[in-house]
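Close look at the chain arrangement
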2 protein chains.
Amino acid sequence: MDYSKTILDLLKKSSVKIGDKILMTKSEKEYSGIVMPNTGSSECIVLKLDSGYNIGIEIDEKTHIKKLSEEAHVEGKMVSRKLQRIEKLKFDPKKPTIAILNAGGTIASRIDYRTGGVTPVFTSEELVSMVPELAEIANIRCKMVFQMWSEDMEPEHWQILAKEIAEEIEEGCEGIIITHGTDYLHYTAAILAFMVQSLPIPVLIVGSQRSSDRGSSDGAMNLICASKFIASSDFSGVAICMHANSSDNSCYILPACKTRKMHTSRRDAFRPINSKPIAIVDYKSEKIEFFLDYQKKDYKRKLILETRYDKKIALIKSYPGFRAEQLDWYEKNCNGIIFEGSGMAGNLPINILDDHTKHHKDFLEKLKKITEKTAVYMTSQCIFGRLNMNVYTTGRDLQAAGCQPAYMIPEVALVKLGWILGQTKDPKQIKEMMEKDFAGEIIERSELDEFPPNDL
Amino acid sequence: MDYSKTILDLLKKSSVKIGDKILMTKSEKEYSGIVMPNTGSSECIVLKLDSGYNIGIEIDEKTHIKKLSEEAHVEGKMVSRKLQRIEKLKFDPKKPTIAILNAGGTIASRIDYRTGGVTPVFTSEELVSMVPELAEIANIRCKMVFQMWSEDMEPEHWQILAKEIAEEIEEGCEGIIITHGTDYLHYTAAILAFMVQSLPIPVLIVGSQRSSDRGSSDGAMNLICASKFIASSDFSGVAICMHANSSDNSCYILPACKTRKMHTSRRDAFRPINSKPIAIVDYKSEKIEFFLDYQKKDYKRKLILETRYDKKIALIKSYPGFRAEQLDWYEKNCNGIIFEGSGMAGNLPINILDDHTKHHKDFLEKLKKITEKTAVYMTSQCIFGRLNMNVYTTGRDLQAAGCQPAYMIPEVALVKLGWILGQTKDPKQIKEMMEKDFAGEIIERSELDEFPPNDL
C-alpha cells in the first residue's frame, strides 16, 4: 500500500526514502526511527523506533522531518551476531543431528527493513548463518513447515506437525526443535504431547518473545539452549524451551502440559503451572540441572502417533452475570465443552438470588440437556491449583448435572478433550480417558505448593 | 434429605447418630470422621474428615462402622480460639469504629456440626466472639448484607454493597470491612472501586480460603490484619486484605483493580497483577510497610457514588479453533464485549490458512458488524503484562474492525465496561472512559517488570 500524496510529497521534499532513518518533529515532540512502508490507511508515517516497535505518526502542516542516515539496515542481535553467508553445511559424523521444523512465529524469521516484511528462514544454511553456534553443537537439518502466527494455528496444523515429527524420527535424528510463534505455543506443546506419545527422543518447542531486529531478542539463546539440551542430556518427550528469567543466562525446559504464557512481553513469559520446570540449561556453560524425573532417550522405542481431533469443542470462561442462554450456540454445535469456572470448586453462577432465582434451575436444566449428548468438563480460572468439586453444594450440583472435573489447566483440558473426541464418542471411554494421565497433564495434589511466590 | 434405609440401618446397628465421630472400614481402607447429614442422593455416608473436607463413601455389604466418640463438635481454629459468649459490646470512645458488612462466603460464617449447615454471623457480638482480637483494635459494628457464595454475585449485589458503603460512611466510621466469598472477590473489589470513588476512608474486602472449621483457616488473621490496617494507617480507598504468603505472619493490602485469585486453595491465592501490593501488615506486631503511593484519609472528602451498570456485557476467551459464528448470541444480546485474546497483541484467530481461508474475512466482517452497535475491547489471556495492538498486522486489523485495546486485566475490563455502559451509550464517551484511569486499573508500561519470579 502506498503512502498518500501528502506524505510522499513531504518525504520527497526532504529527500527521504523508505528505509532511511529520520528525525520527525510534531507538536514539539521528536521521534527518530526508520521510515517503514505504509501498513495502515490513515495519514500516518510508520516509523520503526530504536526499541524495535513500529508507530504510526499522523502528519499535519507543521510536521517536520529531517534525514539522519540513508537506508539504515539496523540489524538486530540475532541477525547481526556473526552474520555470514554459509553456502553449504558440512556433515560432522561426531555430532548429533537435530531436525528443526519451522512452524512460523518471529523466531526463525528475518526482518527486511527495505520492505518491512518478515522473511521466514527456509534452509539450514540460513538458520546457521543467523545462529552459527548451532553448527558447533549439532548437524542441523531444517524444514519449513508453516509460515504463520501461532494464534492462527488450527488442529489441522497440529496434525501436520505431529506427522512431521514422526517423519523426522523415521529419517533419523537425536532430537527435534519446532520453532513456533509464542501466543499459542503452549496449546501446540500440549496437543503434540497427546498426539505423539512414547517418543524415543526429545521434541522441544522454541519461540521468541522479541523479534530478531530487537537488541533484546531471545530467539538465538533459546535455540542454542534447546540444541545443547538435546545434544547433552538423555531426556525424551515433548517440552518447551524458553528463557528461565529476564537475564540472558539460562533457559527452562518446561513440561508440555503444565506451562502457560503468563506475560505479554517478558522473555521469561512461559512459566511452569502446578509444577517445577523439568530442567534448567545454562547458556554459557555445559551445565544442565534436572528438577523432575523424566523418560530417558531410547532410540528403539516405537512412537505412538494418534492425530485424530474433533474440532467441535469450546472453552468458555464464566464471570459474574454469566447466563444459561449463552450456551445456546454451544449446545447445538459442540461435542465437548470446557468451562473455566471460579475458584476451587469450579463454580458457575447457578444459584442467582433475588429477582434471578429463576436462573438457578435454568442453568442446571440447560446443563443437563447439554450433557446428554456433549462431554462437559470443569476447570478453574485460578490457573494454579487443583479443582475440588465435592467441597461445595454448587460443585456437587454441577456434577449431578453431568459436568465433571478436569484436573488440568483450561488450555490443556480443551485440546485433550478434542483429541479424545477424535477417537471416541462413548461417554464412558471419554470419562476414563479424561481421568487418565497421558502426558503429565493431571495436576496432582502434591503439586499444589508450586506457585509463583511473592514479588518482594 | 434423609439417608437411605440401608444406611440408616447400618448407623442404627452401631448406635451412631449424625454428629458422632466414627471409624469406617471398607475394602481394607479406613476412614475416620464425623457423620454429616446426607447431602447427595447416592448410597453414600458423608464424613467430615480431620482435614475439614467432606467425602461421600459408598457403602456395600462389607462396610463396617465403629463409633469413636459422641457428637464430636470439633471446632476449628477460628471458632475455638477463645470462644466466649458476648452479650453486648461496650463502646470505647478512644478506639476507632470499623463497620463490617457481611456479604457472605465462608469467612463470617460458623459451621454447625449437627446440621452440617453454614450459619452466617449476624451481629457484632457473634463476630467478636469468634475473633475477640477485633474488639481490642476497634469498636465493631456489624451488618448482615447477604449470605451467599461470591460466584453467585450479580451486579445488583454490587450496587447494594456500594450503597451500604455510602450509608456506613454517613453514619460515621474510620473504615469498612466487607467479608466476602473468595471465588469472585476480585470482581467485587474492582467494581466497588469504580462505583464508590473519592472515598474518605478505607474499604477493605476480606475473604477466607479455608473455612473456620479447618485448622488452617485464614479468616481470623485476615480480619485482624484488615482492622489493624484501618486503625493504624492513613490509607483511603478500596483494597483487598488477604494472606501475603502461606505462613500466618502477614497480610497484603492489594490494589482493587490489579489483583486476581491465582490459586484454587492456597491462603495466599490473591496476587497483585502488574503491580506491587499496596502494603504489608504484620500479624504479630504493629508494623505496616507501604510499597505504593496512596490517597490519604480525609474525613471531609465527599465520596462519589455511581452505581449504574449495564448487565448486557460479556467476557469471551479465544483459543485455537475459535469461530466467528460463536459470536452470534453476543452480537444480538450485548452492548459490550471484552475479548481475552492471545499474547501481547491480543490476537484472535482471524488469519486462518489452508481450507479455512474464508474465516479471515468472516471474522473481521462479523466483528465490524458487531462494533457498529457494540463496544468491543481486547485484553490478553497472559494476565500479566500490557497489550500492544500496533505491533502485529492482526492487532491492527482488529483495531480497524473496531476492536480497541483495554489496558486492564480481563476481569477488570469487564466490570469497568459494564459500569461505563450503565452511564453512557455514546461511543466517543465510552472510548474516553475506557482509556481514563479511574481507580488504578490501567496497566502502565513501567509496571511490566512486576511478575511472579521463579519458583527455584
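Within every chain, residues take consecutive numbers counted from 1 along the sequence as written. Here the convention is simple: chains get letters from A, ligands get numbers from 1, in the order in which they are written. Under the rules for a predicted model, residues below a pLDDT of 70 receive no local features and side-chain atom pairs below 80 are neither given nor counted, while totals for whole chains, interfaces and linings still include all residues. Water and hydrogen atoms play no part in the side-chain values, which are based on all heavy atoms of the structure.

Helix numbers and strand numbers start at the N terminus; a helix is a DSSP run of H or I with at least 4 residues, a strand a run of E with at least 2. When its secondary structure is counted, chain A shows 12 helices and 23 strands. Counting all 456 residues of chain A, 62% fall into the buried class. Here the contacts in chain A between residues at least 6 apart in sequence split such that 70% fall between residues at least 24 apart. Of the accessible surface of chain A, which amounts to about 17700 Å², a share of 49% is contributed by carbon and sulfur atoms. Partly exposed describes any residue whose relative accessible area lies between the buried limit of under 20% and the exposed limit of over 50%, with all areas from a 1.4 Å probe on protein chains only and scaled to the type maximum. Note on definitions: a residue-residue contact is assigned when non-hydrogen atoms from the two residues lie within 4.5 Å. The accessible surface values rely on the Shrake-Rupley method and a 1.4 Å probe; as for residues, cover is taken only from the protein chains in view.

Now for the packing of aromatic side chains. For any pair of aromatic rings, the description consists of the separation of the ring centres together with the inter-plane angle of the planes. Residues and elements named next belong to chain A. Geometry of aromatic contacts follows a simple scheme: Phe, Tyr and Trp rings, the Trp one being its six-membered ring, pair when their centres are within 6.5 Å, and the pair is stacked under 30 degrees between planes, edge-to-face over 60, tilted otherwise. Applying the stated criterion across every chain yields a total of 22 aromatic pairs over all chains. An aromatic cluster is present here, built from Phe229, Phe235, Phe290 and Tyr294 joined pairwise through their rings. Charge-over-ring placement is defined geometrically: NZ (Lys) or CZ (Arg) within 6 Å of the ring centre, and within 35 degrees of the ring normal. Its guanidinium or amino end placed over the ring of Tyr294, Lys296 lies 5.4 Å from that ring's centre, counting from NZ or CZ.

All right, on to the interface of chain A and chain B then. Counting from both sides, the interface comprises 86 residues of chain A and, opposite them, 86 residues of chain B. In this assembly, chain A packs against chain B so that about 7500 Å² is buried in total across both faces, 53% of it on carbon and sulfur atoms. The salt bridge criterion pairs a side-chain nitrogen of Lys or Arg with a carboxyl oxygen of Asp or Glu, the two atoms within 4 Å. Counting every contact that joins chain A to chain B gives six salt bridges. Across the salt bridge formed by Lys317(A) and Glu411(B), the nearest N and O atoms sit 2.9 Å from each other. A class-by-class count of the residues in the side of chain A that touches chain B yields 38 nonpolar, 23 polar and 25 charged. Put simply, buried area is the surface a 1.4 Å probe can reach on two separate parts but cannot reach once they are joined, added for both. When residues are grouped by polarity, Ala, Val, Leu, Ile, Met, Phe, Trp, Tyr, Cys and Pro land in nonpolar, Asp, Glu, Lys and Arg in charged, and all others, Gly among them, in polar.

Let us now look at the sheet that holds strand E6 (residues 97-102) of chain A. Residues and elements named next belong to chain A. Strand order in the open sheet formed by eight strands is E9-E6-E10-E12-E13-E14-E17-E18, with mixed pairing between adjacent strands. The outermost strands of the open sheet, each flanked by one partner alone, are strand E9 (139-144) and strand E18 (288-290). Taken pair by pair, the neighbouring strands of this sheet meet at an average axis angle of 25 degrees, ignoring direction. Strand pairing is assigned whenever DSSP detects at least two bridges linking the two strands. Direction of pairing for strand E10 (residues 175-179) relative to strand E12 (residues 202-206): parallel, over a ladder of four bridges. Pairing of Ile177 across the sheet is with Leu204, part of E12. In this analysis, axes come from line fits to C-alpha atoms, helices being fitted only over the stretch in contact, and the angle between any two N-to-C directions falls in the range 0 to 180 degrees.

For the rest of this paragraph, the subject is helix H10 (residues 393-400) of chain B. Residues and elements named next belong to chain B. When we look at burial in H10, the residues that qualify are Thr394, Gly395, Leu398 and Gln399. The arc enclosing the buried residues of H10, seen along the axis, measures out at 135 degrees, which places them on a common side. Positive phi shows up at Gly402, right after H10, with a value of about 100 degrees. The reported arc concerns the directions from the helix axis to the C-beta atoms and nothing else.

The next point concerns the environment of Tyr330(A). Looking at where Tyr330(A) falls in the secondary structure, it is placed in helix H8 (residues 328-333). The buried category is assigned to Tyr330(A), whose relative accessible area is 3%. In sequence terms Tyr330(A) and Ile370(A) are 40 residues apart; their C-alpha atoms lie 8.6 Å from each other. Filtering out sequence-adjacent residues up to four positions away, Tyr330(A) remains in contact with Ala314(A), Ile316(A), Ile337(A), Gln326(B) and Tyr330(B). Contacts described as polar in this section are N or O atom pairs within 3.5 Å, which, within protein, must combine one atom able to donate a hydrogen with one able to accept it, while residues neighboring in sequence count only if both atoms come from side chains. Here Gln326(B) takes part through its side chain, which lies 3.4 Å from a polar atom of the side chain of Tyr330(A).

This part covers the environment of Ile253(B). All names here are of chain B. As for its placement among the helices and strands, Ile253 is situated in strand E14 (residues 250-255). On a C-alpha basis, the gap between Ile253 and Tyr31 in space is 40 Å, while along the polypeptide they are 222 residues apart. Sequence-distant contacts of Ile253, that is, excluding residues within four places in its chain, are made with Leu204, Phe229, Ala239, Ile240, Cys241, Pro277, Ile278, Ala279 and Val281.

Any functional reading would require information that these geometric values do not contain.
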